[in-house]
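Spelled out, the chains give:
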Amino acid sequence: MTPPAPAAASARAGELDKKQVVAANRAIILVGNPNVGKSALFGALTGKYVTVSNYPGTTVEVTRGSATIEGRPWHVMDTPGTNNLVPMSEDEQVTRDILFTERGYAAVQVCDAKNLRRGLLLATQLAEAEIPFTLALNMADEAASRGIRVDVERLSRELGVDVVPTVAVQRQGLAALQQRIDAGGRASPFRPRYDAPLEAALAEITPLMPSGGIGQRALAVMALVGDESLRPHLAAHVSEADLARIDAIRRSVAARYPESLRFVVARQRLAAADRLHDAVVTRGGASGASGFARKLGNWSTHPVWGIPILALVLYAAYEFVGVLGAGTLVDFLETTVFEGYVVPWVTAAVRFLAPDGRVESFLVGPPGDDYLQHDGLLVGKYGVVSMGLSYGIAIVLPIVTTFFIAFSALEDSGYLPRLAVMLNKVFKRMGLNGKAVLPMVLGLGCDTMATMTARIMETRKERVIVTLLLALGVPCSAQMAVIFAMTAKLPFAATVWFGVTVVAVIFLVGWLAAKVLPGRGSDFLLELPPLRVPQAGNIAVKTLARIEWYLREALPLFVVGTLILYLLDRFGGLSLLERVAAPLVVGVLNLPKEAAAAFILGFLRRDYAAAGLFLLYEPFMDAGTLTRSMQIEVVVALVTITLFIPCIANFFMILKERGWKTGVAMTAFIVPFAFAVGAVVNQLMRWLY
Amino acid sequence: MAALLPGIETCPLCGDRFDAAGQGCRPSCPMAKGCRVVCCPSCGYSFPQEAGLAGGLRRLLHRLKRDRDVRSDSP
């Protein structure tokens with residue numbers, strides 16, 4: 001096999017690999033999707049003495065070790081997990097380059113027997129590349145326990161390679177695998193078939209590809225989809241005239257499809273893997289998806305039928321979170337529990353334990369005064385208990401809890417990945433792809449966590465846009481809790497004003513960012529798990545884990561925020577800040593001057609500010625005396641707060657993930673932009689509402 | 001630094017099983033200390049580990065299921 005030069009990873013790859021692997025005459029290369037047990041199989045084959053080094057020219061780690069099979073020494077190399085031989089990341093490129101650069105090795109593809117579809121997608125590519133390999137069906141025990149049966153004989157027959165079930169962590173199937181490795185793998189005759197225009201293009205390109213190494217058809221597919229990492233190799237082995245011809249063919253075929261050729265080829269290859277999968281895998285009745293679940297799963301990704309399903313999901317979530325959580329539970333916890341019991345109990349306990357007048361007055365205010373009128377540290381208008389804990393536990397926690405229940409149910413049902421597929425075209429308009437739904441939906445839980453998840457986007461441009469949209473317009477669960485609570489008591493038209501404004505801003509900014517920012521977008525492949533009825537136990541455990549996380553992260557900040565407000569109020573800073581912010585808050589946004597404090601502390605946590613606004617208007621909402629002017633104020637305040645930087649943790653995460661220049665630029669854009677949109681909404685509503 | 005519990009996690013989004021070691025929150029986050037959010041290396045999805053009360057509830061549910069299976073298997 002004459003290998004092409006490694007694409008972009010490194011021209012030095014050959015030197016290092018020859019020294020460490022090929023010198024032993026016999027080498028095994030383990031390849032497979034991420035997290036299928038490659039490392040466990042590597043450990044079972046080699047024992048504990050291994051070396052880990054960066055693949056030359058990259059930061060990707062490759063693990064090497066030695067094994068003895070049938071009395072003869074072998075070198076073993078564990079490659080980074082990959083889903084694709086047309087690389088979409090540095091990891092995938094390193095694996096592809098190793099496979100294309102090495103000579104005379106025995107490749108072992110490790111796949112997860114309970115997730116065989118993904119493994120077969122890679123197997124079809126190894127087959128197309130004419131790489132001899134043996135297929136290890138790992139985690140065979142877990143697949144069997146889930147009622148998944150793989151017809152090993154038929155799979156071996158269809159692929160034309162040896163297939164060995166293994167349980168690497170228990171060394172099961174290891175002897176059989178070693179025998180097959182020693183006997184030498186076979187190149188699979190299996191070839192995925194593409195549609196007529198692609199096959200016609202491949203028929204033209206294939207003869208132009210260099211021969212004697214990797215299968216010409218595989219190289220032709222890579223050239224057809226525009227794999228940039230292959231370009232140096234092609235430039236070295238293909239004449240300029242032929243390269244120009246390939247480009248012309250590629251452009252002509254690309255014009256026939258609305259999606260990129262990379263996506264089209266991947267989809268058709270996946271269909272071939274699906275057919276193979278369905279032929280060899282059977283599922284037990286309990287674990288297989290029912291016919292209706294399969295249909296519902298298909299409808300939920302449909303561009304038309306998916307919309308009513310999404311609307312139904314959103315309506316159910318609103319009723320559960322907005323009405324039950326934000327209405328009933330908040331009323332109960334705030335009025336009955338906190339105002340009725342917690343505040344009087346803390347006050348009584350302090351007066352009993354610290355009868356000294358000054359200490360008592362400092363902590364819970366003078367006897368007889370309404371606590372909202374004095375400045376007690378624990379119980380007062382800015383008291384740690386009466387404000388900080390009341391915000392965190394009585395207002396935000398019940399809504400966050402109901403949101404987490406709804407979110408966990410969606411997560412457990414397998415609906416979220418389907419949402420990503422359905423919204424792919426919408427996100428394309430914003431320079432993104434459907435994969436961006438994941439950080440966006442996750443942002444509804446926590447924007448900081450979601451900013452980290454923006455790493456799943458392939459290009460820098462996509463990561464910057466996702467980070468910007470998260471910071472700008474996606475409310476986190478705690479803030480959404482307060483938004484639900486407030487909009488539930490607003491007239492429907494006012495709620496529509498708020499919703500339409502935020503959604504329009506997200507799309508407008510996303511669309512403009514896609515136009516302005518340099519760089520390119522990408523396509524995505526996402527495996528869809530079966531749609532299933534969510535399990536109550538799973539929902540309970542996931543919700544509890546998230547509530548614990550919320551209490552650990554948010555509650556301390558609520559207390560810190562209250563202390564800052566308390567100190568500002570005590571030393572006159574609050575009134576000073578209110579006066580400074582008045583021209584903007586009162587003059588431009590037409591909000592009461594008390595809202596200034598909410599905006600100032602909004603930077604600490606955006607939901608803290610929203611909770612402050614909630615308390616400001618709650619008496620009028622409860623009494624049903626919210627005037628038209630107040631309704632406009634609520635919408636303007638909610639829009640401005642929603643478009644603010646979410647919280648200080650998110651700000652630091654943006655700096656870390658995107659770099660300080662991008663982070664500062666985003667902040668410099670977001671803060672004035674939030675106020676500008678608030679001002680525009682204020683004017684528009686006063687004319688039109 | 002993140003305070004992750006060692007062990008194998010299953011991603012609730014893509015179903016991948018992975019070792020939690022090294023998959024935690026970034027230390028740059030001011031809330032990273034004690035944070036138990038893990039990031040799936042396969043699809044990038046982030047989720048909190050089931051530790052503390054949630055871990056206890058998961059173990060309890062497993063035990064109840066096992067007991068029920070044993071009872072249904074016994075003659």
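What counts as what
Residues numbered from 1 in each chain as written. Chains lettered and ligands numbered in written order. Predicted model: local features only at pLDDT ≥ 70, side-chain atom pairs only at ≥ 80, totals over all residues. Heavy atoms only, no water. Helix = DSSP H or I, 4+ residues; strand = E, 2+ residues; numbered from the N terminus. Buried < 20%, exposed > 50% of the residue type's maximum accessible area, 1.4 Å probe, protein only. Contact = heavy atoms within 4.5 Å. Areas by Shrake-Rupley, 256 points an atom, 1.4 Å probe, with all protein chains shown as cover. 1 Å grid on protein atoms, 1.4 Å probe; cavity = no way out; pocket = protein on both sides within 12 Å on 5 of 7 lines; lining within 4 Å. Points joined across faces, edges and corners; volume = space filled by probe spheres on them. Nonpolar A, V, L, I, M, F, W, Y, C, P; charged D, E, K, R; others polar. Arc of directions from axis to C-beta. Salt bridge = Lys/Arg side-chain N within 4 Å of Asp/Glu carboxyl O. Patch = residues over 30% accessible without salt bridge, like charges linked within 9 Å, V, L, I, M, F, W, Y side chains within 5 Å. Core = buried A, V, L, I, M, F, W, Y, C linked by side-chain atoms within 4.5 Å. Axes fitted to C-alpha atoms, helices over the stretch in contact; angles between N-to-C directions. Parallel < 35°, antiparallel > 145°, perpendicular 65-115°, else oblique. Phe/Tyr/Trp six-rings, centres within 6.5 Å; stacked < 30°, edge-to-face > 60°. Pairing = 2+ DSSP bridges. Right-handed = clockwise from strand over helix to strand, strands pointing away. pLDDT = per-residue confidence, 0-100.

Scanning chain B from terminus to terminus reveals one helix and four strands. From first element to last, N terminus to C terminus, chain B shows the α and β order β-β-β-β-α. A burial count over chain B gives 39% of its 75 residues as buried. Sequence separation of at least 24 residues holds for 44% of the intrachain contacts in chain B that already meet a minimum separation of 6. Accessible area of chain B: about 4,200 Å², with a carbon and sulfur share of 55%.

Turning to the overall build of chain A, a few remarks are in order. Regarding its fold elements, chain A presents 30 helices and nine strands. Burial statistics for chain A: of 689 residues in total, 55% are counted as buried. Across chain A, the fraction of contacts at a sequence separation of at least 24, relative to all contacts at a separation of at least 6, is 76%. Summing over all exposed atoms, chain A offers an accessible surface of approximately 28,400 Å²; the carbon and sulfur share of this is 62%.

In this section: the layout of surface pockets. All names here are of chain A. By volume, the second largest pocket is sized at about 1,400 Å³. Along the wall of the second largest pocket there are 41 residues; nearest its centre are Leu314, Leu444, Pro475, Met480 and Val503. Elements that contribute at least two residues to the lining of the second largest pocket include exactly α14 (306-353), α16 (384-413), α17 (415-422), α18 (424-428), α19 (437-443), α22 (477-487) and α23 (492-516). A per-element tally of the lining of the second largest pocket places α23 first, with nine residues. For the lining of the second largest pocket, the per-class residue count stands at 36 nonpolar, five polar and no charged.

The subject of this paragraph is the environment of valine 680 of chain A. Residues and elements named next belong to chain A. Counting through the fold element by element, valine 680 comes out in helix α30 (residues 660-688). For valine 680, a relative accessible area of 47% corresponds to the partly exposed category. It is 9.0 Å that separates the C-alpha atoms of valine 680 and valine 636, two residues lying 44 residues apart in sequence.

A few words on helix α15 (residues 357-364) of chain A. For the α-helix, the turn length of 3.6 residues means that residues three or four positions removed from each other point alike. Residue and element names in this part refer to chain A. Of the residues making up α15, those classed as buried are Glu360, Leu363 and Val364. Angular distribution of buried residues about the axis of α15 spans 75°; they occupy a single face of the element. Here the buried face of α15 lies against α14.

Residue and element names in this part refer to chain A. Applying the stated criterion across every chain, the model contains 23 salt bridges over all chains. Across the pair arginine 245 and glutamate 204 runs a salt bridge whose closest N-O atoms are separated by 3.7 Å. Of this pair, arginine 245 sits in helix α11 (residues 240-254) while glutamate 204 sits in helix α8 (residues 196-205), and the two are 41 residues apart along the sequence. Looking at glutamate 204, the relative accessible area reads 38%, which means it is partly exposed. Between glutamate 411 and arginine 546 there is a salt bridge; the shortest N-O distance is 2.8 Å. A residue pair is termed long-range when its members are at least 10 positions apart, and glutamate 411 in helix α16 and arginine 546 in helix α24 (residues 536-570) qualify at 135 residues. Like glutamate 411, the residue arginine 546 is buried in the burial classification. The network of salt bridges with shared partners includes Glu128, Arg193, Glu199, Arg217 and Arg269.

Moving on to the side chain of glutamine 49 of chain B. Considering the arrangement of structural elements, one finds glutamine 49 of chain B in the loop between β4 (46-48) and α1 (52-73). With a relative accessible area of 5%, glutamine 49 of chain B lands in the buried category.

A few words now on a nonpolar patch on the surface. Residues and elements named next belong to chain A. Taken together, the side chains of Phe292, Trp299, Val304 and Trp305 make up a nonpolar region of the molecular surface, amounting to roughly 480 Å² of accessible area. Within the element layout of this structure, tryptophan 305 appears in the loop between α13 (291-300) and α14. The exposure class of tryptophan 305 is exposed, given its relative accessible area of 53%.

As a further point, take the nonpolar core. All names here are of chain A. Counting residues in hydrophobic clusters, the biggest one holds 125 residues, and the most contacted among them are Leu432, Met486 and Tyr550. Examining the composition of this core, we find that eleven residues originate from one element, α16, more than from any other. Contacts of tyrosine 550, omitting those with residues within four sequence positions, involve Gly392, Val396, Leu397, Val400, Phe404, Ala478, Leu555 and Phe558. Listed in part, the 67 residues of the second largest apolar core include Phe100, Leu155, Leu198 and Leu276.

This next bit is on the environment of phenylalanine 362 of chain A. Residue and element names in this part refer to chain A. Take phenylalanine 362: it is sitting in helix α15. Phenylalanine 362 sits 17 residues away from valine 379 along the chain, and the two C-alpha atoms are 9.4 Å apart. Apart from the residues within four sequence positions on either side, phenylalanine 362 is in contact with Asp375, Gly376, Leu377, Tyr566 and Arg570.

Here we come to the packing of α14 of chain A against α22 of chain A. All names here are of chain A. α22 packs onto α14 with a crossing angle of 80° between their chain directions and a minimal axis gap of 9 Å. When the axis of α14 is compared with that of α22, the two are roughly perpendicular. From α14, Tyr318, Val321, Gly322 and Ala326 reach across to α22, where they touch Ala481, Phe484, Ala485 and Thr487. Taken together, the residues that form the contact of α14 with α22 break down as six nonpolar, two polar and no charged.

As a further point, take the packing of aromatic side chains. Any two aromatic rings considered together are summarised by their centre-to-centre distance and by the angle between their planes. Residues and elements named next belong to chain A. Summed over the entire model, instances satisfying the criterion amount to five aromatic pairs over all chains. For the ring pair phenylalanine 669 and phenylalanine 673, a centre distance of 4.8 Å and an interplane angle of 25° mean the geometry is stacked. Of the two residues, phenylalanine 669 and phenylalanine 673 are both situated in helix α30; the distance of four residues between them amounts to about one turn of the helix. One aromatic cluster in this structure is built from Phe403, Phe404 and Phe407.

Residue and element names in this part refer to chain A. The buried fraction of strand β6 (residues 133-138) is high, at six of six residues. Where strand β5 (residues 106-112) lies against β6, six bridges are found, and the strand directions are parallel. The residue of β6 that forms the bridge with alanine 107 is phenylalanine 133. For the crossover that starts at β5, traverses helix α4 (residues 116-128) and ends in the parallel β6, the hand is right-handed.

Moving on: the confidence of the model for chain A. Residues and elements named next belong to chain A. Considering every residue of chain A, the mean pLDDT works out to 81; 89% of them sit at 70 or more. Mean pLDDT per element in chain A: helix α1 (residues 13-20) is the minimum at 37, and strand β8 (residues 163-165) is the maximum at 94. Across residues 1-23, where pLDDT falls below 50, the model places 60 contacts with residues more than four positions away in sequence or in other chains.

What follows concerns the side chain of glutamate 360 of chain A. Residue and element names in this part refer to chain A. Within the secondary structure layout, glutamate 360 lies in helix α15. A residue is classified by how much of its surface remains accessible, and glutamate 360, at 9% relative accessible area, is buried. Not counting residues within four places of it along the chain, the set of residues in contact with glutamate 360 comprises Val350, Arg351, Ala354, Pro355, Gly365 and Pro367.

Here the focus is the confidence of the model for chain B. Residue and element names in this part refer to chain B. With 64% of its residues at a pLDDT of at least 70, chain B reaches an overall mean of 73. Of all the helices and strands in chain B, strand β2 (residues 17-19) carries the lowest mean pLDDT, 71, while strand β3 (residues 37-39) carries the highest, 80. Interface confidence for the predicted complex, expressed as ipTM, amounts to 0.78; the pTM equals 0.61.

Peptide bonds are mostly trans, and most non-glycine residues show a negative phi. All names here are of chain A. The residue glutamate 70 is not glycine, and still its phi comes out positive at about 50°. By the element assignment, glutamate 70 lies in the loop between β3 (61-69) and β4 (72-78). With a phi angle near 60°, glutamate 130 is a residue other than glycine that sits in the positive phi range. With respect to the helices and strands, the residue glutamate 130 is situated in the loop between α4 and β6.

Moving on, we get to the pairing of β5 of chain A. All names here are of chain A. With seven of seven residues buried, β5 lies mostly within the body of the structure. What you see with β5 is no split at all: Ala106, Val108, Val110 and Asp112 on one side and Ala107, Gln109 and Cys111 on the other are buried throughout. Across five bridges, strand β1 (residues 27-32) lies against β5 in parallel orientation. When the sheet's bridge partners are listed, valine 31 is paired in β5 with glutamine 109.

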